[in-house]
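# Structural characterization, general
The residues making up each chain are set out below.
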Amino acid sequence: MTLKNQFFQSKLPTVATSIFSVMSGLAYQENAINLSQGFPDFESDKNLIDLVNNAMLTGKNQYAPMPGIFSLRRSIAEKMENLYSVSYSPETEITITAGATQAIFTIIAATIKKDDEVLIFKPAYDSYEPTIELFGGKTIAVQLNPEDFKIDWQLVKSLITEKTKMLIINTPHNPSGRILTKEDMLQLEAILKDTNILLLSDEVYEHIIFDGEEHQSALLFPGLKERTFITASFGKTFHNTGWKVGYCLAPKELMVEFRKVHQFNVFSVNHPTQVALAEYLKTPSNYLELGNFYQQKRDLFLNLIKDSRFEFIPSKGTYFQLLNFRNITIESDYDFAIRLTKEQKIASIPISVFNENNLDTKVLRFCFAKKDETLKKAAEILCNI
Ligand code: PMP
Ligand code: GLN
């Protein structure tokens, strides 16, 4: 809704309330099973919660240092070294953020000026485009093929101009559950070579990847790493989206600019959770087992709905599964999602909201980060539609 106001013009005239708020609100109001917004319906590990409690009880309740507490930055650096054999300096190349959303906002605020072009791939996480717009940038959106969500790198190359300042990628990809391959990353590296284009690589689902696939982080490709801001989210990894803690990795020169904005955007992030996460990250199984954990949930959910009228290609990563409903109704995905919530008591996300020009491909996104019993109840409803 755009309210007329004599004192100012909206900076985001076409932006409405995020679909995540809309669908979760409706699910609550309708007492529906909420597979819309991406968050678990089970608890974070009690050991991690105990660590936070302990940090609170032992006086870690005042401002944390601006870039985040050193022990957490060091734990992240160790994780990156162990997993990918790459080094990020905890002093100068890692900053703790209030979730990945703040990291994304801060990266764009720090780098995008009026008329800069930023290339993004649709369907895209909903925060990218309004944030680019807020800082006067222009979004160049590439709509991915709705069947396989593959990136046409020749098309990308043809869209690059002297105004292109940044590209944003997201792997594993929300909402499609597709992942970028090594070949994709090599093509991207070749396209960006000899340019000054920055890369924002949104890797919040880094540890949620299935079927033995490996996460192709931008930091594994030297021609990308030197120009890349990586965003990550502990909320996704440790089942506590409500804590809103994540981080940003970038080479020193880029991180200097990031921190100039970060210090005024948020200054510093919630202190006791940082103390707890620093300790918890020291046990690699706490994140390395996440892929198997969610693969079992994906398989349970898909096995239960395999005879339903929905069509799907199994998700390769993230905790989202797309279901195509073209055999069920010709309604718009938005109308169908609303009706399913009200009449069938199951909430999902219509993916047209993430598409260019709200392209409606008759696909809904379902979050399977749920207890098995929730997935069973959800599947029963879906099979009866
Ligand atoms: N990027 C993507 C692709 C996401 O799905 C999300 C939502 N969880 C975020 C960023 C934001 O993560 P956070 O909750 O840590 O802000
Ligand atoms: N990333 C989550 C999702 O895609 C939601 C984040 C949010 O609510 N802003 O569902």
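As recorded in an unreviewed UniProt entry, the protein goes by the name Methionine aminotransferase, listed as coming from Lutibacter oceani. Word for word, the UniProt comment on the protein under Cofactor (unreviewed entry) is "pyridoxal 5'-phosphate". The Sequence similarities (unreviewed entry) comment attached to the protein in UniProt states, word for word, "Belongs to the class-I pyridoxal-phosphate-dependent aminotransferase family."

### Examining the sheet that holds strand β11 (residues 349–350)
One open sheet accounts for three strands, arranged β9-β12-β11; its pairing is antiparallel. The open sheet has two free edges, formed respectively by β9 (320–324) and β11, since each of these has just one partner strand.

### Section: the environment of His-271
Looking at the secondary structure, you find His-271 in helix α11 (residues 271–280). Note: C-alpha distance between His-271 and Leu-134 (137 residues apart in sequence) is 29 Å. Not counting residues up to four positions away in its chain, the partners in contact with His-271 are Lys-60, Gln-62, Tyr-63, Ala-64 and Ile-69. Within the structure, His-271 has its side chain in polar contact with the backbone oxygen of Gln-62 (distance 2.8 Å).

### Thoughts on the environment of Leu-375
Mapped onto the elements, Leu-375 comes out in helix α15 (residues 372–383). Using a relative accessible area of 0% as the deciding quantity, one classes Leu-375 as buried. Taking the C-alpha atoms as reference points, Leu-375 and Ile-349, separated by 26 residues in sequence, lie 16 Å from one another. Those residues in contact with Leu-375, other than ones at most four positions away along the chain, are Lys-297, Leu-300, Phe-301, Leu-304, Phe-368 and Lys-370.

### Focus: the domain arrangement of the protein
Here the protein is described as being made up of domain 1 (5–44 + 288–383) and domain 2 (46–284). Measuring from the centre of the C-alpha atoms in domain 1 to the corresponding centre in domain 2 gives 24 Å. The interface is formed by 38 residues belonging to domain 1 together with 39 residues belonging to domain 2. Between domain 1 and domain 2, roughly 3,400 Å² of surface is buried when both sides are summed, and carbon and sulfur atoms account for 58% of that area. Summed over the shared surface of domain 1 and domain 2, the result is five salt bridges. Where Asp-211 meets Lys-316, a salt bridge forms, and the shortest distance between an N and an O atom there is 3.3 Å. Of all the secondary structure elements, the ones that give two or more residues to the side of domain 1 that touches domain 2 are α1 (19–30), α13 (290–305) and β9. The element best represented in the side of domain 1 that touches domain 2 is α13, accounting for six residues. Within the side of domain 1 that touches domain 2, the residues separate by chemical class into 21 nonpolar, ten polar and seven charged.

### Structural notes on the pairing of strand β12 (residues 363–367)
Burial runs high along β12: five of the five residues are buried. In β12, alternate side chains face the same way, and those of Val-363, Arg-365 and Cys-367 on one face and Leu-364 and Phe-366 on the other are all buried. Judged from the five bridges that link them, β9 and β12 form a sheet pairing that is antiparallel. When the bridges of β12 are listed, Leu-322 appears paired with Arg-365. Direction of pairing for β11 relative to β12: antiparallel, over a ladder of two bridges. Paired with Pro-350 across the bridge in β12 is Leu-364.

### Let's talk about the site of ligand 2
Taken together, the neighbourhood of ligand 2 is formed by Phe-20, Gln-37, Gly-38, Tyr-125, Asn-174, Tyr-205, Lys-236, Phe-320 and Arg-365. Between Gln-37 and ligand 2, the recorded distance is 2.7 Å, taken from a side-chain N or O atom to an oxygen atom. Within the backbone of Gly-38, one N or O atom sits 2.6 Å away from an oxygen atom of ligand 2. About the coverage of ligand 2: the protein hides 79% of its 300 Å² of free accessible area. Looking at the shell around ligand 2, its residues break down into four nonpolar, three polar and two charged.

### What to know about the site of ligand 1
Close to ligand 1 lie 13 residues; Thr-101, Asp-202, Tyr-205, Lys-236 and Lys-244 are nearest. A distance of 2.6 Å separates an oxygen atom of ligand 1 from a polar side-chain atom of Thr-101. A distance of 2.7 Å is found between an oxygen atom of ligand 1 and a side-chain nitrogen or oxygen belonging to Ser-233. Within the complex, 93% of the 390 Å² of free accessible area of ligand 1 lies under protein. Counting residues per element, the shell around ligand 1 draws most heavily on helix α4 (residues 99–111), which supplies four residues. For the shell around ligand 1, a count of residues per class yields five nonpolar, five polar and three charged.

Calculation notes
- Residue numbers here run from 1 along each chain, matching the order of that chain's written sequence.
- Here chains are named by letter from A upward and ligands by number from 1 upward, in the order in which they appear as written.
- Local features in this predicted model are restricted to residues whose pLDDT is 70 or higher, and side-chain atom pairs enter the listing and the counts only when it is 80 or higher, whereas totals over whole chains, interfaces and linings include all residues.
- Side-chain measures here rest on the full set of heavy atoms in the structure, leaving out hydrogens and waters.
- UniProt positions are given in the numbering used here, feature names are shortened, and annotations may be inferred rather than shown by experiment.
- If DSSP finds at least two bridges between two strands, the strands pair.
- Helix and strand definitions here come from DSSP, where helices need a minimum of 4 consecutive H or I residues and strands a minimum of 2 consecutive E residues; each element is numbered from the N-terminal end.
- We call two residues contacting when some pair of their heavy atoms lies within 4.5 Å.
- The definition of a polar contact used here is a pair of N or O atoms within 3.5 Å, where within protein one atom must be able to donate a hydrogen and the other to accept one, and adjacent residues in sequence count solely through side-chain atom pairs.
- Exposure classes here rest on a 1.4 Å probe applied to the protein chains alone. A residue is buried below 20% of its type maximum, exposed above 50%, and partly exposed in between.
- The source of the domain bounds is an automatic or database domain assignment.
- Buried area: the accessible surface (1.4 Å probe) lost by two parts on joining, summed over both.
- Take a side-chain nitrogen of Lys or Arg and a carboxyl oxygen of Asp or Glu: if they are within 4 Å of each other, that pair is a salt bridge.
- Residues are grouped as follows: Ala, Val, Leu, Ile, Met, Phe, Trp, Tyr, Cys and Pro are nonpolar; Asp, Glu, Lys and Arg are charged; every other residue, Gly included, is polar.
- Any residue with at least one heavy atom within 4 Å of a molecule or strand is counted as near it.
- The method behind every accessible area is Shrake-Rupley, applied with a 1.4 Å probe, and residues are considered shielded solely by the protein chains displayed.

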